[in-house]
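Each chain is listed here by its residues.
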Amino acid sequence: METADIPAHVPPERVLRFDFRNDEAIRRDPWGYIASLNDRPDIFFSPDLGGYWVVTRAELIDDVFSRHDLFTATSLAIPKLENATPLIPNNFDPPEHTGYRKILANKLFSPRALSTLEPDTRTFCLQLFEAFEPGRCEFVHDFAYKLPIDIFLSMMGADLALRDRCLEWIRLIFRGRSAEETAAGFIGANEFVQEWLTEQLADPEQNKGSMFQALVAARLEGRPLSFAEMHSITMMLFSGGLDTVTSQMTHIMRFLAESPEHRQHLLDHPDVLPYALEEMLRRFGISFIGRAAAKDFEYHGVAFKKGDPVCAATPIAGLDARAFPDPLRVDFGRGKGRRVKHLGFGSGPHLCIGAYLARTQLTIMIEELLPRMPNLRVAPGAVIENAAGATMMLKSLPLEWDA
Ligand code: HEM
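Report follows, based on the coordinates.

The rules behind each value
The written sequence of each chain sets the order in which its residues are numbered from 1. Totals for whole chains, interfaces and linings use all residues, but because this is a predicted model, local features are given only for residues with pLDDT of at least 70 and pairs of side-chain atoms are given and counted only at 80 or more. Values reported for side chains reflect all heavy atoms of the structure, with hydrogen atoms and water molecules removed beforehand. Secondary structure elements follow DSSP: runs of H or I of four or more residues count as helices, runs of E of two or more count as strands, with numbering from the N terminus. Only protein chains enter the accessibility calculation, which uses a 1.4 Å probe; a residue whose area is less than 20% of its type maximum is buried, one above 50% is exposed, and one in between is partly exposed. Pairs of residues are marked as contacts when any of their non-hydrogen atoms sit within 4.5 Å. The charge count includes Lys and Arg as positive and Asp and Glu as negative, but it does not include His or the ends of the chains. For charged residues, the charge sits on one atom: NZ in Lys, CZ in Arg, CG in Asp, CD in Glu. Criterion used throughout: strands pair if DSSP finds at least two bridges between them. Computed over the protein atoms alone on a 1 Å grid, cavities are sets of points where a 1.4 Å probe fits but cannot get out and pockets are open sets with protein on both sides within 12 Å along at least five of seven lines; a residue lines them when it has an atom within 4 Å of a point. Grid points are joined across faces, edges and corners, and a volume is the space filled by probe spheres set on the points. Here the term charged refers only to Asp, Glu, Lys and Arg, the term nonpolar to Ala, Val, Leu, Ile, Met, Phe, Trp, Tyr, Cys and Pro, and the term polar to all other amino acids, Gly among them. The span you would expect from a helix comes to 1.5 Å times its residue count less one. For Na, K and Ca the donor cut-off is 3.2 Å; for every other metal, N, O and S atoms count as donors within 2.8 Å. Water does not enter the count, which can leave sites looking incomplete. Each salt bridge in this description consists of a side-chain nitrogen of Lys or Arg and a carboxyl oxygen of Asp or Glu lying within 4 Å of one another. Near, as used in this document, describes a residue that has one of its heavy atoms within 4 Å of the molecule or strand being considered. Polar contact criterion, stated in full: a pair of N or O atoms within 3.5 Å, where within protein one must be able to donate a hydrogen and the other to accept it, and residues adjacent in sequence count only if both atoms are side-chain atoms. Each aromatic pair joins two rings of Phe, Tyr and Trp (for Trp, the six-membered one) with centres within 6.5 Å, and gets the label stacked for planes under 30 degrees apart, edge-to-face for over 60, and tilted for any other angle. The criterion is that NZ of a Lys, or CZ of an Arg, lies within 6 Å of the ring centre and within 35 degrees of the ring normal, and then a charge sits over that ring.

**Digging into the overall build of the protein chain**
And then number 1: A tally of helices and strands in the protein chain yields 16 helices and 14 strands.
And then number 2: Taking the principal axes of its C-alpha atoms as reference, the protein chain extends roughly 60 × 55 × 40 Å.
And then number 3: Here the protein chain, with 403 residues, has 55% of them falling under the buried criterion.
And then number 4: For the protein chain, restricting intrachain contacts to residue pairs at least 6 apart in sequence, the fraction spanning at least 24 positions comes to 73%.
And then number 5: Between the averaged position of the 43 positive side-chain charges in the protein chain and that of its 54 negative side-chain charges there is a distance of 4 Å.

Shown next, in the form of structure tokens:
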């Protein structure tokens, strides 16, 4: 992976290595490694991945997400992707972002469009559980990959048989170990979405998917969306809504399999789940999100030059000891009767629009699976490795329980 020359405006004391895609430590012990950033400066420069700034404090990460006047979302990938097609709405700053965001919030993710989400998720969840061998599964491939993609494909009105093709591009986009691999994932996914949309638009009445119908009915300043806009939004949902939920599921399930006390607490007190879920989302943040300096400016004693890549990582925010004392500990009571406030879904104008969809899937996974998996445990001798990339997920998670 490319190691950049240190730009002239970066002082030597701010230069420290951090390669969240390739470092050995992030594969073996991601949380310990990320927690060790507590000992580093609030903002440092890593020459890895083409050279980029890493922000280590939750408060400042919140700022990077929110201050589009300083940190533009027009460049989201680290390493930077050259000539990438912009994703709607994520790659746009306000005010352009606002109109698109409204379409997603009011149409694609409206309560009407999501009305069957909960029952559908329960049905898919139980179908996957019933397909497990009695008392064992490889959770990543048997469940975590499948549930989010089945739900997404069915909401778009796409054929569930497309699942495997989609998974390969998602792997490249999120877990590509070079800019070339990531770009190859985007190219494959782009072509697929192009073909699929063309087919659907030839006869839109046939497609009963709630999100597809909302896309066709959407109006931007009174006009329908162009093909390019629909394509970009579909690509955004495809790349933002699948791997993220999968990744989150793998960490939460591993934690629950390894912590009988927390598991029992949830079984005995199901009303705690909404609070527990937020604490687990804090503790197991997964996304390394990029921005670029929008202009030359000084911020917290650091000189940024226009175009400098900046990483706002939700796992780093969640393990910031200044914001969350004893950050590695999972404490369902951390919010003291409220849901703990975290940056797992970002913040500011780009706050994750799929958060409700994600929370629903995670909640139903816990509600439906835990009671069916007594004495849940990680299979003895299993080697659990983290697959690093733009999001972090476990490569595999063999689970056992008393059938
Ligand atoms: C646990 C699962 C998820 C996590 C951790 C997550 C995380 C995030 C984060 C951190 C952002 C902010 C990005 C930024 O500031 O640039 C974001 C934005 C976004 N997410 Fe999610 N996400 C999840 C699930 C989903 C789902 C299920 C969907 C939809 C199917 C989705 C669609 C989006 C979209 C469209 C945006 C961009 C919003 C905008 O730019 O206004 N996400 N997500």
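**Focus: the sheet that holds strand β4 (residues 136-138)**
And then number 1: Strand order in the open sheet formed by 3 strands is β4-β14-β11, and the pairing between neighbours is antiparallel. Each edge of the open sheet carries a strand with a single partner, namely β4 and β11 (377-378).
And then number 2: Relative to strand β14 (residues 398-400), β4 is paired through 3 bridges, and the arrangement is antiparallel. Paired with C137 across the two strands is L399, which belongs to β14.

**Quick look at the pairing of strand β7 (residues 288-293)**
And then number 1: Burial of β7 is extensive: 5 of the 6 residues sit out of reach of the surface.
And then number 2: One ladder, built from 2 bridges, connects strand β3 (residues 71-72) with β7; its direction is antiparallel. Within the sheet, the bridge partner assigned to F71 lies in β7 and is A293.
And then number 3: Summarising the sheet, β7 and strand β10 (residues 309-313) pair through 5 bridges and their orientation is antiparallel. Counted as the bridge partner of A292 is P309 from β10.

**Notes on the layout of surface pockets**
And then number 1: By volume, the second largest pocket is sized at about 330 Å³.
And then number 2: What lines the second largest pocket is a set of 16 residues, and nearest its centre among them are Y145, R171, R175, A387 and K395.
And then number 3: Mapped onto the lining of the second largest pocket, the elements with two or more residues apiece are α6 (139-144), α8 (163-175) and β13 (393-394).
And then number 4: The greatest single-element share of the lining of the second largest pocket, amounting to 4 residues, is contributed by α8.
And then number 5: Considered class by class, the residues forming the lining of the second largest pocket number 7 nonpolar, 1 polar and 8 charged.

**Focus: α8**
And then number 1: End to end, α8 covers 18 Å across 13 residues, agreeing with the expected 18 Å (1.5 Å per residue, within 8%).
And then number 2: Every buried residue of α8 is accounted for by R163, C166, W169, I170, L172, I173, F174 and R175.

**Let's talk about the coordination of the iron atom of the ligand**
Where a metal carries four tetrahedral donors, each ideal angle is 109.5 degrees; where it carries six octahedral donors, the ideal angles are 90 or 180 degrees.
And then number 1: Exactly one protein atom donates to the iron atom of the ligand; that atom is C352 (SG), 2.3 Å from the metal.
And then number 2: Inspection of the secondary structure puts C352 in the loop between α15 (314-318) and α16 (355-369).

**With respect to the pattern of salt bridges**
And then number 1: Counted according to the given criterion, the structure contains 24 salt bridges.
And then number 2: A salt bridge links R122 to E367, with the nearest nitrogen and oxygen atoms 2.9 Å apart. Residue R122 is found in helix α5 (residues 117-131), and its partner E367 is found in helix α16; the two are separated by 245 residues along the sequence.
And then number 3: For R122, a relative accessible area of 23% puts it in the partly exposed group.

**Details of helix α7 (residues 146-156)**
And then number 1: For α7, the buried fraction is high: 9 of the 11 residues fall into the buried class.
And then number 2: Those residues of α7 not exposed but buried are L147, P148, I149, D150, I151, F152, L153, M155 and M156.
And then number 3: G157 sits one or two residues past α7 and shows a positive phi near 75 degrees.

**Remarks on the site of the ligand**
And then number 1: Surrounding the ligand, one finds 28 residues, the nearest of these being H97, R101, R291, H350 and C352.
And then number 2: Within the side chain of H97, one N or O atom sits 2.7 Å away from an oxygen atom of the ligand.
And then number 3: One of the side-chain N or O atoms of R291 is found 2.7 Å from an oxygen atom in the ligand.
And then number 4: Of all the secondary structure elements, the ones that give two or more residues to the shell around the ligand are α4 (96-108), α11 (227-241), α12 (243-258), β7 and α16.

**What to know about the packing of aromatic side chains**
And then number 1: In total, this model carries 25 aromatic pairs according to the counting rule given.
And then number 2: Ring centres of W169 and F192 lie 5.2 Å apart, and the angle between their planes is 35 degrees; on these two criteria the pair is classed as tilted. With W169 in helix α8 and F192 in helix α9 (residues 179-202), this residue pair connects regions lying 23 residues apart in the sequence.
And then number 3: When its relative accessible area of 14% is taken as the criterion, W169 is described as buried.
And then number 4: Among the aromatic residues, those joined into a cluster by ring pairs are F18, F20, Y33, F44, Y52 and F288.
And then number 5: Stacked on the ring of F44, the Lys or Arg R40 has its end atom at 4.9 Å from the ring centre.
And then number 6: R282 extends its terminal NZ or CZ atom over the ring of F324, reaching a point 5.2 Å from the ring centre.

Function cannot be inferred from these measures alone, as they are strictly geometric.
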